[in-house]
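# Summary of the model geometry
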Amino acid sequence: MINSLLERKIEKRPDKVRLQGRILFLTEDPELIKRQLAGEDLPWDTKNPANNPKLRDDISTDEITPAHYCFYFDETLGEIPYLGLKCGSVTPIGRGDVKRGGFVCAVSGKRRGKGSSREQSPYAEMCAGIRVVIAENIERIYKQNCQNLGVLTSTNFSLIDRIRAGEEIALAEFTAGEDEITRQVIEYGGLFPFNVARMQGKVFLPPIAASSGESAGEGARATRAMTLAEKIFARHMIGSNGGTDASVRPAERSEATLSVGVPSVKPGDTGFARADLRFSHEYVTPMAAIFFERYVGKDAKVNDPASILFFRDHLTFLDEVISEEKKKLGLLDLATQLKLKQQDFANKQGIRLHGELTDRKGSEGICHSIVLESYALPGQLNIGSDSHTPHVGAIGCIAFGIGTTDVFNSWITKDVRVKVPESVKVVIRGQKHPNVTAKDFILKILSLDYVRSGKALAKVMEYAGEAIEELSVDERATMTNMAAEIGGFTGIVAPDKKAVDFLVERRGMDRKKAESMIAGLYSDPGAEYAHVIELDAADITPMVATPGDPGNGKYIRELNTPVPVEIAYGGTCTAGKNEDMDMYALVLADALKHGKRVADSVEFYIQFGSQETRDYCQRRGYLDIFQKSGAHVIEPSCGACINAGPGVSTRPDQVVISAQNRNFPGRSGPGQMYLASPLTVAASAVAGYIVEYEPSEKKELMGV
């Protein structure tokens, strides 16, 4: 407990707000956006929506704040919002346009704020004057980041007329339908003031046990059937004396007075969950550190530094690809400042930093790779400053991405605000084809109408069925990792013998200890799901996601004409694991055996997710195979996936096939990016165009 916060004066915001300013409609038509930036107020018929221009759907945080501009971590971000927004092939919004336009509200269509958990996006909007965001539906992390900062959000388009008229609007309009805690976060104007009020005993936290139909008394037992995710949440939710027990004076509250764990939970229950592990990387740590020093104190200490990890994994190779224009803007220098600020804060606070290598260029590893290899355990609850934090759900823990404000608040409270999500069960039955991987499974799931329409937003994706059970932990991590692209809360697979083997073989853990960890970690018979998706593995053949969105999935055999590629990229947290390397090596060794190598027209980059994976490749002889086949090998880093390393495109007409997780416009350069499995990426690098992988032996048999 940081005692100075107990004396700080905290008040709620007024119960009515007047939003004075213009409304920016983010339409598909770039000319309409340009006219608004020039001073024209676009007419909008809230009673007859069909009369209005089409709003942009699927606006990602990459488009709100392109990655390079996230090197800023102060109010300069107010110059940046929507610089990457694409309308057709046009990016109509320039630096400073939104701020100069006097806009107080921004309106868009479905799935606003998808993708990265970067809080720089709503912070940039806020610093540009945007006070309210209206959209048909809003992605979980982006919405929570808005609430944490004090930016209002709504799906009620009738507010447009009232904002334009300059009316006072009851704050209750923005809290309607929200849970009790979210309502109070909005009323206090953000997560930090709410948490200070919480420490002071001024807020109301609904008792979890009571809302689940359970007695909170001693010896109470759970009676409802729970999903795996609900069981883990129940273990970690802070009980009703967690900051609200009137018998405990605020000054006397401490770790010892908090009860962690409740008999059961159900979807919709709200509260705070104790985190086993909290981590962040150099894109987020500096901004969180500045918030911490500004709002808590320069000499304040974080709560339990031993359970916090920092990573230098995103920008290690930035200098190799950043343009001269961006260098002149000082962005490379800013990126260096991110590294130094994180390093300084880690030293000051005694926090473990997985940083850069000292003997060669590169990093120890990508945060998700290292957390899976070395830290996460079945049944844990982990939070990280990255939307792909669900990666470690592969061994049966709940892990989810949070924004900057959540990060710095967790340094104070060691917990995180949670509304227990509904679960979607994805059952993949049968046996997969030999050339089909977990990446093909997830691209198929992403292409389904249920996901594309936003119905899976903020839900736990629980993967099950024979085809999932056959996957290794590395392959399961591809499924859980890309729950982020679904817009899900997290992804998880029930831990089994394969999870135990992983802990024993990769961590050196005692087998009996590992087996004891997975006890009870399964969904109960009769557990309730919001939806069940059932697929037959036999129906799924190798897939790609065509440029623009990971949801643009189609079978490779449905591509009408050959698609030549110039760049093939295998790496990132999603596809830089040991088993991914097995796949690249399998294809390339097969090619070498038949006198082939990477096509002359293709640059093929293979980037390790961690030093552990690099060492694995060295032991298996893969480095020799990669070198002989003409692939470029790169030390660990996020790299090309975030436009910050070798493998990025440089021209709009350049075609890339990548095993990474996202192909949003501009995310990895201006080119046309197709997403695919490691097998498909390697096979396409050899062929020179997008192709399914088929072992040579099979081809020879077919020829005979």
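What you see is a predicted model, and the numbers here were worked out from it, not measured in a lab.

### Thoughts on the confidence of the model for the chain
- Here the chain shows a mean pLDDT of 93. Residues at 70 or above account for 94%.
- Long-range and interchain partners of residues 210-221, a stretch whose pLDDT sits below 50, account for 19 contacts in this model, where long-range means more than four residues apart.
- Low pLDDT (under 50) marks residues 700-704, which in the prediction has two contacts with non-local residues, meaning those over four places away or in another chain.

### Examining the environment of Ile64
- Mapped onto the elements, Ile64 comes out in helix α2 (residues 61-64).
- The sequence separation of Ile64 and Ala682 amounts to 618 residues, and the corresponding C-alpha distance is 32 Å.
- Ignoring sequence-local partners within four residues, the contact set of Ile64 consists of Ile59, Ile80, Pro81, Tyr82, Leu83, Ser121, Glu125 and Tyr142.

### Overview of the sheet that holds strand β14 (residues 423-429)
- Across the sheet, which stays open at both edges, the four strands sit in the order β16-β15-β14-β17 with parallel pairing between neighbours. In this open sheet, the two edge strands, each paired with only one partner strand, are β16 (490-493) and β17 (531-536). Averaged over all adjacent pairs, the angle separating strand axes in this sheet is 20°, with direction ignored.
- Sheet topology note: the β14/strand β15 (residues 460-464) ladder contains five bridges and is parallel.

### Quick notes on the packing of aromatic side chains
- This structure, assessed with the given rule, holds 21 aromatic pairs.
- For the ring pair Phe192 and Tyr295, a centre distance of 5.4 Å and an interplane angle of 35° mean the geometry is tilted. Residue Phe192 is found in helix α9 (residues 191-199), and its partner Tyr295 is found in helix α12 (residues 285-295); the two are separated by 103 residues along the sequence.
- The exposure class of Phe192 is buried, given its relative accessible area of 8%.
- Since its relative accessible area comes to 33%, Tyr295 is described here as partly exposed.
- Pairing Tyr622 with Phe626 gives two aromatic rings, centres 6.2 Å apart and planes at 40°, and the pair type is tilted. With Tyr622 and Phe626 both in helix α27 (residues 622-629) and four residues apart, the pair spans about one turn of that helix.
- These aromatic residues form a ring-pair network of at least three members: Tyr123, Phe192, Phe291, Tyr295 and Phe408.
- When the ring centre of Phe489 is taken as origin, the NZ or CZ atom of Arg140, which lies over that ring, is 4.4 Å away.

### Here's the deal with the side chain of Ser363
- With respect to the helices, strands and loops of the structure, Ser363 is situated in the loop between β10 (352-354) and α15 (367-375).
- On the basis of relative accessibility, which here comes to 0%, the residue Ser363 falls in the buried class.
- A polar side-chain atom of Ser363 sits 2.9 Å from the main-chain carbonyl oxygen of Pro636.
- Here Ser363 is in contact with Arg312, Asp313, Thr316, Gly355, Glu356, Leu357, Gln611, Pro636 and Ser637, once residues within four sequence places are set aside.

### Section: helix α4 (residues 120-127)
- Among the eight residues of α4, seven are classified as buried, and the element is accordingly described as predominantly covered.
- Residues of α4 that are buried: Gln120, Ser121, Pro122, Tyr123, Ala124, Glu125 and Cys127.
- Residues of α4 that are buried make contact with α2, α3 (97-100), β4 (132-134), α5 (140-149) and α12.
- Backbone geometry just downstream of α4 places Gly129 in the positive-phi region, at approximately 110°.

### Quick notes on the pattern of salt bridges
- This structure, assessed with the given rule, holds 50 salt bridges.
- Glu324 is the partner of Lys327 in a salt bridge, and the nearest nitrogen-oxygen pair spans 3.4 Å. Of this pair, Lys327 and Glu324 both sit in helix α13 (residues 324-328), three residues apart, which is roughly one turn of that helix.
- Accessibility expressed as a relative area gives 32% for Lys327, which makes it partly exposed.
- Across the pair Asp580 and Lys577 runs a salt bridge whose closest N-O atoms are separated by 2.9 Å.

### Some details on the state of the cysteines
- Throughout the structure, instances matching the rule amount to zero disulfides.
- Cysteine Cys127 remains unbridged, with the sulfur of Cys146 as its closest cysteine sulfur at 12 Å.
- As a non-bridged cysteine, Cys641 has Cys573 as the owner of its nearest cysteine sulfur, 6.5 Å distant.
- For Cys641, a relative accessible area of 5% puts it in the buried group.

### Quick look at unusual backbone geometry
- Phi at Asp58 is positive, roughly 55°, even though this residue is not glycine.
- Of note, Asp58 is situated in the loop between α1 (30-37) and α2.
- Even without a glycine there, the phi angle at Lys414 is positive, about 65°.
- In this fold, Lys414 is placed in the loop between α16 (404-413) and β13 (415-419).
- Owing to a relative accessible area of 16%, Lys414 belongs among the buried residues under this scheme.

Cut-offs and rules
Along each chain, the written sequence defines residue order, and numbers are assigned to residues from 1. Confidence filtering applies because this is a predicted model: local features only for residues at pLDDT of at least 70, side-chain atom pairs given and counted only at 80 or more, and all residues used for totals across whole chains, interfaces and linings. Values shown for side chains rest on all heavy atoms present in the structure; no hydrogens or waters enter the calculation. In predicted models, pLDDT denotes the confidence assigned by the predictor to each residue on a 0 to 100 scale. Here, residues are in contact when the closest pair of their heavy atoms is within 4.5 Å. Helix and strand definitions here come from DSSP, where helices need a minimum of 4 consecutive H or I residues and strands a minimum of 2 consecutive E residues; each element is numbered from the N-terminal end. At least two bridges found by DSSP between two strands are what make those strands a pair. Axes, fitted as lines to C-alpha atoms, cover a helix only where it is in contact. Angles between the N-to-C directions of the axes lie from 0 to 180 degrees. Here is the rule: rings of Phe, Tyr and Trp (six-membered ring for Trp) pair when centre to centre is within 6.5 Å. Planes less than 30 degrees apart are stacked, more than 60 are edge-to-face, and the remainder are tilted. Think of it in three bands: with a 1.4 Å probe and only protein chains considered, a residue is buried below 20% of the maximum accessible area for its type, exposed above 50%, and partly exposed in between. In this scheme, the term charge over a ring applies when either NZ of a lysine or CZ of an arginine sits within 6 Å of the ring centre and within 35 degrees of the ring normal. Think of a polar contact as two N or O atoms within 3.5 Å of one another; within protein, one of them needs to be a possible hydrogen donor and the other a possible acceptor, and neighboring residues in sequence only count if both atoms come from side chains. When a carboxyl oxygen of Asp or Glu lies within 4 Å of a side-chain nitrogen of Lys or Arg, that pair is called a salt bridge. The criterion for a disulfide is a pair of cysteine sulfur atoms lying within 2.5 Å.

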